Amino acid sequence: MLFDPEVSAPSNRYRVAQVVAHELAHQWFGNLVTPRWWTDIWLNEGFAEFVQYIGINYVEPTWKVKELFVTDNLQYVFRLDSLESSHKISIPVGHPNEIGQIFDIISYDKGASIIRMMNHFLTERTLRKGLSNYLSVFKYGNAEQDDLWEHLTEAAHQDGSLPLHLTVKTIMDTWTLQKGYPVIMVDRSPDGTSATVSQERFLLAGTAVSTDTHVYKWWVPLTYTAGDDPNFNNTEVKVWMKESETHITIPSLPNKGHWVIFNLRETGYYRVNYDHNNWNLLIQQLLTDHRAIHTINRAQIIDDAMNLAKGNRVSYEVALGLYSYLGNETEYVPWKAAVNNLGYIRNMFTRTGSYGALKNYLLDLVVPLYDRVGFNNRADDPLLEQYLRHTAVSWACTLRHKPCLDNVLGLYRQWMTNPENNTIISPSLKRIVYCNALAAGEEEEWEFAWNQYLQTNVGSEKSILLRAMGCTKQLWLLSRYLEMAIDPNSGIRKQDSQLVLASVAYNDVGRPLAWTFLRDNWKKIFDYLGGKAKPNIISASTKYFNTRQQLKEVMAFQGEHRGELKTATRKIDQTIETITNDIAWMDANYDTVVKWLGQQGFSARIKNVWARPSLIV
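Residues numbered from 1 in each chain as written. Predicted model: local features only at pLDDT ≥ 70, side-chain atom pairs only at ≥ 80, totals over all residues. Heavy atoms only, no water.

1. Comments concerning the pattern of salt bridges
Okay, so step 1: Throughout the structure, instances matching the rule amount to 25 salt bridges.
Okay, so step 2: Between R271 and D303 there is a salt bridge; the shortest N-O distance is 2.9 Å. Of this pair, R271 sits in strand β10 (residues 271-274) while D303 sits in helix α10 (residues 295-310), and the two are 32 residues apart along the sequence.
Okay, so step 3: For R346, the salt bridge is made with D508, and the minimal N-O distance between the two is 3.9 Å. Placement of the pair is R346 in helix α12 (residues 332-349) and D508 in the loop between α20 (497-505) and α21 (511-520), with a sequence separation of 162 residues.
Okay, so step 4: Judged by relative accessible area, which is 13%, R346 ranks as buried. (Salt bridge = Lys/Arg side-chain N within 4 Å of Asp/Glu carboxyl O. Helix = DSSP H or I, 4+ residues; strand = E, 2+ residues; numbered from the N terminus. Buried < 20%, exposed > 50% of the residue type's maximum accessible area, 1.4 Å probe, protein only.)

Below, the structure is given as structure tokens:
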């Protein structure tokens, strides 16, 4: 609520709108009708997370928040729900230690995503009617998910949104009472006019290593369109794939010269894989005229392909081949999906000898966007244009693009000479400018940021400065900053200590320091911050670990502190599984990506080897 347009970024204003809309939604979902038990906490948080987008879109339609939902919620939660250590939306809770663990992105973002899916397969009119009846019947009382299913089914049968033999409970129990989600395989016939469609659970590690004996199948609402007559507006179900069906046949598709796309506007909570020919058709369409494919589906195609490659279901030649069209992409959401996935590869490569080749490829991709959108922000630009500029500038500076760094350092030094002037650095670029200036600077730049932190009374400014001070490459400054995080007299509020620890851990130079600091000071951190902080600190300190030695250290830490990790049990299990998957990714894909980079002209080898002349004795 303390938004200051002179100091705070557009993203801060958007965040204020999100929080206010979310909490207003709780007046109905949580307050008027309260879940009977913690098991159904998603009826609070999933609905509030979904409804907040309806509220924001009503007030500010130019923000296009329905597009942002896809990258910020749906694709974001897919990452966690791709792990064996994920959990069901509706999960039994029998002990207080288990309550805090379910207030995670599964309850919030997956909950919101499956409600969004219902909104499309039931239609918004039916969903509204069913919700209105549900809230009226249970107002000032308690309910569970079966009560909601009953009222939605009644409305759906009245409106003809579902066949009379089919209930919402039958469909939605497959999404709330089992973890994970499916990948839908679309395998077209040789002439292209029909497709065999099958489903299986998507796991990043691959089903071969799964120890789970449960048979995962879902009721899947299939929507699709084709290149001969594309229509991305009809998101009502064309075909239901039943839980009991191993495969179904989709007839009446165009010939093999036209692409098909399933999961229109990514309204369903599933990924889609295609046969090799259809992937190539999609690549060709993007290169020819990407606007023929809906903006959200462009983001979907990129995110699905890159994660299918990560899960060894599609080759990286296909997945990275999709990126070749991005030089013509002007929309934020596809770029967001693209850089999110490239960010994973970058983090896997950072400490390898081939990082230089990857960096050059990434620069080749990002610099044209940076040149097109420019460094200087314009406050009257639409929100997503400002987000796109932020993405371009952030990546260009992260990749050490000299014009970007020159701009950043020049602005920061100018600010240092005139600290009272809040207009020198655009609010939307402050996070980038502060972080990169401190990364390139010494003690003087860091101390200036600290003094600004102490003086400002704007919450968003304090947060940006705290993050930025963890960007320095000076080891002693990072060590001192970590010590300050758990010192009650340092000037850092206790509730901000996690932010400090995370900012150091996200720094490539600071990550080993943060992990060592966590292990050496575990009891002190535990006593100072309490139990709630444990899961976030552990995940931040171990982010992007991808070696067997790092895995051994995390497992040893888990064994040593098992009794103290009760409220973080699931989080550390997820951390260990993620590291295991990242090691597997390095084993399976590192050489493949290096080879692909070489084929594209981005070699990891030094072009000219300097030969030391022999000494004449």
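2. Digging into the packing of aromatic side chains
For any pair of aromatic rings, the description rests on two quantities: the centre-to-centre distance and the angle between the ring planes.
Okay, so step 1: Here the structure, examined in full by the defined rule, presents 39 aromatic pairs.
Okay, so step 2: With a centroid separation of 5.7 Å and 50 degrees between ring planes, the pair formed by Y134 and F138 is classed as tilted. Within this pair, Y134 and its partner F138 are both found in helix α6 (residues 124-138), separated by 4 residues, close to a single helical turn. Taken individually, Y134 and F138 each receive the classification buried, so the pair is uniform in this respect.
Okay, so step 3: Pairing W175 with Y269 gives two aromatic rings, centres 6.2 Å apart and planes at 80 degrees, and the pair type is edge-to-face. Of this pair, W175 sits in helix α8 (residues 168-176) while Y269 sits in the loop between β9 (260-262) and β10; the two residues are 94 residues apart in sequence, bridging distant segments of the chain. Residue W175 shares its accessibility class with Y269, and that shared class is buried. (Phe/Tyr/Trp six-rings, centres within 6.5 Å; stacked < 30°, edge-to-face > 60°.)

3. Thoughts on α8
Okay, so step 1: Across the 9 residues of α8, 7 count as buried, placing the element largely inside the fold.
Okay, so step 2: Within the sequence span of α8, burial applies to V168, I171, M172, D173, T174, W175 and T176.
Okay, so step 3: Structurally, α8 contributes buried residues whose contacts are with α2 (42-59), α5 (105-121), α7 (145-159), β3 (182-188), β5 (220-222) and β7 (239-241). (Contact = heavy atoms within 4.5 Å.)

4. Overview of helix α14 (residues 383-398)
Okay, so step 1: Here α14 spans 22 Å end to end across 16 residues, near enough to the 22 Å set by a 1.5 Å rise per residue.
Okay, so step 2: The buried count for α14 comes to 12 of 16 residues, which makes it a mostly enclosed element.
Okay, so step 3: All buried positions along α14 are accounted for by L383, L384, Q386, Y387, L388, R389, T391, A392, V393, W395, A396 and C397.
Okay, so step 4: Where α14 is buried, its residues contact α1 (10-25), α3 (65-81), α12, α13 (355-373), α15 (402-417) and α16 (430-440). (Expected span 1.5 Å × (residues − 1).)

5. Digging into the environment of L358
Okay, so step 1: Mapped onto the elements of the fold, L358 is located in helix α13.
Okay, so step 2: Residue classification places L358 among the buried residues on the basis of a relative accessible area of 3%.
Okay, so step 3: The spacing of L358 and L369 is 11 residues in sequence and 17 Å in space, taken between C-alpha atoms.
Okay, so step 4: Sequence-distant contacts of L358, that is, excluding residues within four places in its chain, are made with I345, R346, F349 and L597.

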